[in-house]
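Residue-level structure breakdown
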Amino acid sequence: MWIYGRNPVLEALKEGRVRRVLVARGVEAWLLRELERLGAEYTLVPRIELDTLLRTTHHQGLAAEVEEPRYAPLEEAFSLAEARKELPLLVFLDGITDPRNYGAMIRSALALGAHGVVSEERRSAPLSPLALKASAGAALKLPVVKVKNLPRALEEVKKRGLWVYGLDVRGGKTPKELDFQRPLALVVGSEGEGMRRLVRESCDELFRIPIREEAESLNASVALGIALYMAALGRGVG
């Protein structure tokens with residue numbers, strides 16, 4: 001699998017997952033020094049060769065062939081929370097199929113203190129090169145989990161003591177009215193359809209982010225970022 005973009009490739013090098021690296025001629029000297037510092041053996045190629053190989057011009061002059069991304073078991077998210085001595089905070093994505101949104105949500109989850117991102121095998125974007133680039137390397141640092149059945153996974157984490165808060169434009173509460181000082185799973189649905197019925201019914205609370213009426217809705221990735229920031233504030237972080 002080929003990945004591209006500076007952050008994803010550099011993170012993959014740090015993780016020891018890279019088989020070979022291609023670099024466009026003319027990139028900045030600091031990038032070559034960083035590759036050498038990481039012990040990467042690279043080949044300089046014409047930029048158009050990367051354009052053709054990757055079918056995009058948004059590769060920032062850097063590409064790497066890597067092992068297929070590994071999905072983590074759900075237990076890794078709980079282990080990460082335990083290692084940090086923090087209350088678990090998991091993100092569940094229902095029907096997020098756009099790889100850019102998927103990658104951006106993983107990035108927000110890492111940046112704002114979540115311990116894992118969970119989605120369903122059949123109703124989610126894969127960890128494609130585009131998603132990995134959008135995550136800016138975050139997908140290599142945080143447990144990214146795929147489950148066969150999202151409602152069943154939510155019931156499983158509830159049995160382990162997590163409260164489930166679903167982000168819904170029709171939610172009866174705002175983030176200020178929620179208790180974030182507890183083990184949590186935050187659920188976000190797709191922009192078009194929202195959460196499916198069984199996923200919504202698995203939630204202990206449904207909440208909305210108040211916005212101006214004429215805006216109608218927020219991008220799902222933006223909404224998750226706001227919700228995670230409110231969770232961080234509610235936990236006394238930031």
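Preceding this paragraph is the structure being described.
Computed from a prediction, not measured in an experiment: that's the story for all the values here.

**Quick notes on the packing of helix 1 (residues 6-15) against helix 2 (residues 29-37)**
- Look at helix 1 against helix 2: their axes get within 11 Å of each other, and the N-to-C directions meet at 20 degrees. Comparing the axis directions of helix 1 and helix 2 gives the class roughly parallel. For the crossing formed where helix 1 meets helix 2, the hand is left-handed. Residues Arg6, Leu10 and Leu13 of helix 1 lie in contact with helix 2, whose contacting residues are Trp30, Leu31, Glu34 and Leu35.
- When the residues that make up the contact of helix 1 with helix 2 are grouped by side-chain class, the tally is five nonpolar, no polar and two charged.

**Notes on the sheet that holds strand 3 (residues 42-45)**
- One open sheet holds the four strands; their spatial order is 1-4-2-3, and the pairing between them is mixed. For this open sheet the edge positions go to strand 1 (2-4) and strand 3, each flanked by a neighbour on one side alone. Taken pair by pair, the neighbouring strands of this sheet meet at an average axis angle of 25 degrees, ignoring direction.
- Bridge count for strand 2 (residues 18-24) against strand 3 is four bridges, and the pairing is parallel. Residue pairing in the sheet places valine 23 in a bridge with leucine 44 of strand 3.
- Running at roughly 155 degrees to strand 3, helix 2 makes contact with strand 2, strand 3 and strand 4 (62-66) of the sheet.

Cut-off values and rules
- Residues numbered from 1 in each chain as written.
- Predicted model: local features only at pLDDT ≥ 70, side-chain atom pairs only at ≥ 80, totals over all residues.
- Heavy atoms only, no water.
- Axes fitted to C-alpha atoms, helices over the stretch in contact; angles between N-to-C directions.
- Helix = DSSP H or I, 4+ residues; strand = E, 2+ residues; numbered from the N terminus.
- Parallel < 35°, antiparallel > 145°, perpendicular 65-115°, else oblique.
- Left-handed = near helix turned anticlockwise from the far one by under 90°.
- Contact = heavy atoms within 4.5 Å.
- Nonpolar A, V, L, I, M, F, W, Y, C, P; charged D, E, K, R; others polar.
- Pairing = 2+ DSSP bridges.

Worth remembering: the numbers are spatial, not functional.
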